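Below are the chains, spelled out letter by letter.
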Amino acid sequence: GGLDFPMCTSQLVILQVFFLMVPESVWLQPSSPAGATPTPSDVGPGSPGGTLQSSSEGSETPWPVPGISTVGPAVVTPSAPENGTVDLFPVLPVCVCDLTPGTCDINCCCDRDCYLLHPRTVFSFCLPGSVRSSSWMCVDNSLIFRSNSPYPSRVFTDAGGVRQFCVHVNNSKLNYFQKLQKVNATNFQALATEFEGESFTSTFQTQSPPPFYRAGDPILTYFPEWSIISLLRQPAGVGAGGLCAESNPAGFLESKSTTCARFFKNLTNSCTLDPTLNAASYYNFTVLKVPRGMTDLQNMKFQVPVTLVSQAGSPLLSGNTCQNVVSQVIYEIETNGTFGIQKVSVTFGQTNLTVEPDTSLQQHFVIHFRAFQQSTAVPLTGPRSGNPGYIVGKPLLALTGDKSHPMTLLQSQGDGICSVKKHEVQFGVNAISGCRLRPKKVDCSHLQQEIYQTLHGNTNPERVAIFGNADPAQKREWTRILSRNCSVSAMHCTPCCVIPVSLEIQVLWAYIGLQSNPQAHVSGARFLYQCQSIKDSQQVTEVPLTTVVTFVDITQKPEPPRGQPRIDWKLPFDFFFPLKIAFSKGVDSQKGSASLILVLCLLVLGVLKLEAK
């Protein structure tokens, strides 16, 4: 006899089992115990004693063929050897991992080209689909007393050491996908619409341009001569050499500056043919006020011409010199909220290049946005690096005289020679940079002056801002930089020239204010030089220079808060004496002392309430 235990659906085979105790919340759970291992104590179907035989992985029923019922007793293969090896040569109708004809595919346990009777003894694992998969319905083995099922069953031990009693699901309808209807010209679009996901073409075709620019959006340009819509570009340096990447788009309302390098193998041809050297290529287009202007390119009210602030000549090859080469491009763009771009102006910086092999050029590109009709008479102060505390990654502000500027590090050109441009020191970011300086004069005083100017920049920093919003007019908001130049006496060298070869900028900073809203401020800064002596008669052609910046956090956190004091109850040693006397007497005495006990309890409760208040 036994109890009928329901499987997942009425189509599944009914398993007759005895239960020691089955709570209402326990039901059979489907699983695929691939990682479980059979226990040696398993016995076959119908055996008493609470143990079940474990059939090997090769004992599952063959794959059912659609339309043919396979419900019924399964043929059980011989048990696995005593060493636990369960590898029987799998016989599968299709070997999905056999991809190389005539060659054994590694870990493909159904590949007949491997000629392995027990593939798992050779392979580390079997690829999915190369062994026969099975579906099982499992319950905790402690709930089973005896199995009367004639169908394949097995006891697994999972990774947690829990023994699971499982019955093989032998239902062809659960093992196959549903057969779809035939696809023809009539239902093709309906099926595609029902099951398709995102499409590359449908979204693009139906997408209309936004009505106005948002911050960070690329700015659209239009070339009337060729009827081409493009983007306003801001070339930027990429790679170790900082080569110019032309495809870098300018972002709406994102004022920034970039620097990049160009190299020319034959400047004679590039001088007049390369558009990047010609100023005209930076303003021979119009800028669309708003993106929706691209839908009506003939309407000039959606277009803004680029105004040339100063005259810029075209490149001209004169003898051994390429003249009027663009070295700097500065765009000033005025915006008016959702009404878009109202005015665009451009200013150029030009230089001359000497025609020689592998000539290099550094170009500087600046794009600055400002509100429309903003007064230009008032000098624009530099951007803050925080308000008030510094923000990590923002420029470290320095002061020279009454002028505020970012502190800088050395920057090299593509060939390693020191560049006029500098890297900005970012607050909280340790950095190191270096380059090779080719001095213009070799006498000691001029050499020292040129090296110091290269290390510091054109402006020698005197103070550093304590907070990111320091006002240059308020000297108390700036702290002086500690510095000491190289000394000849320190090098113990009389007939020589002492020059700095390295500058380390050390910045001490800390958080102050509320811990929930900390503000970073600079406590102090100093310049440390590493010096080197050279003989006065020594001809110096190149000097390797290095600049380093390190930030040291000296924040002192407050002591952690202590817990609330606990009440330490101390009672007299004879506090419970009346109770002891009352309980030591008989029943009659206890009745007489009931009122006294009640009064004491009320007294204690009253004291506790007063302490709680």
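Before reading further, recall that the structure is shown in the block above.
From a predicted model like this one, the values you see are computed outputs, not experimental measurements. Counting restarts for each chain: residues are numbered from 1 in the order of the written sequence. At least 70 in pLDDT is required for a residue's local features to be given in this predicted model, at least 80 for side-chain atom pairs to be given and counted, and no such filter applies to totals for whole chains, interfaces and linings, which use all residues. Working from all heavy atoms in the structure, the side-chain values ignore hydrogens and water.

> Would you mind going over the side chain of Arg-262 in detail, with residue names and values included?
Counting from the N terminus, the helices are the DSSP runs of H or I reaching at least four residues and the strands are the DSSP runs of E reaching at least two. If you trace the backbone, Arg-262 turns up in strand β13 (residues 256-264). With a relative accessible area of 10%, Arg-262 lands in the buried category. Of note is the side chain of Arg-262, whose polar atom sits 2.4 Å from the side chain of Gln-363. Any two residues whose heavy atoms approach within 4.5 Å are treated as being in contact. Apart from residues no more than four positions distant in its own chain, Arg-262 is found in contact with Pro-235, Cys-244, Glu-246, Thr-276, Tyr-282, Thr-359, Ser-360, Leu-361, Gln-363 and Phe-365. Residue exposure (1.4 Å probe, protein chains only): buried if accessible area is under 20% of the type maximum, exposed if over 50%, otherwise partly exposed. Polar contacts, as used here, are pairs of N or O atoms within 3.5 Å; protein pairs need one atom able to donate a hydrogen and one able to accept it. Residues neighboring in sequence count only if both atoms are side-chain atoms.

> Tell me what's going on with the packing of aromatic side chains, and back it up with residues and numbers.
Here a ring pair, both rings aromatic, is described through the centre-centre distance and the interplanar angle of the planes. Here a pair means two rings of Phe, Tyr or Trp (six-membered ring of Trp) with centres within 6.5 Å. Their orientation is stacked below 30 degrees between planes, edge-to-face above 60, and tilted elsewhere. Applying the stated rule across the entire model yields twelve aromatic pairs. Ring centres of Trp-509 and Tyr-511 lie 5.0 Å apart, and the angle between their planes is 85 degrees; this geometry places the pair in the edge-to-face category. Put simply, the rings of Tyr-390, Phe-427, Trp-509, Tyr-511 and Phe-551 touch in pairs and so form one group of aromatic residues.

> Could you give me a rundown of the nonpolar core, with the residues and numbers involved?
By nonpolar core we mean a set of buried residues, namely Ala, Val, Leu, Ile, Met, Phe, Trp, Tyr and Cys, connected to one another through side-chain atoms within 4.5 Å. Formed by 42 residues in total, the largest nonpolar core has its most connected members in Leu-396 and Met-407. For this core, the elements supplying multiple residues, two or more each, are β20 (397-400), β24 (431-437), α5 (444-456), β25 (463-465), β28 (496-512), β29 (519-535) and β30 (543-553). Top contributing element to this core by residue count: β28, with eight residues. For Met-407, the contacting residues outside a window of four places in its chain are Leu-396, Ala-398, His-423, Glu-424, Val-425, Pro-461, Val-464, Ile-481, Ile-505 and Phe-527.

> So what's going on with unusual backbone geometry? Which residues, and what values?
Cis geometry is found at the peptide bond from Asn-387 to Pro-388, where omega equals 0 degrees. Examined against the element boundaries, Pro-388 turns out to sit in the loop between β19 (359-371) and β20. A positive phi angle, close to 55 degrees, is found at Ser-227, a residue other than glycine. Position of Ser-227 relative to the elements: it lies in the loop between β9 (220-223) and β10 (228-231). For Leu-253, which is not glycine, the phi torsion reads 70 degrees and is therefore positive. Tracing the sequence through the fold places Leu-253 in the loop between β12 (243-245) and β13. Leu-253 gets classed as partly exposed once you look at its relative accessible area, which sits at 44%.

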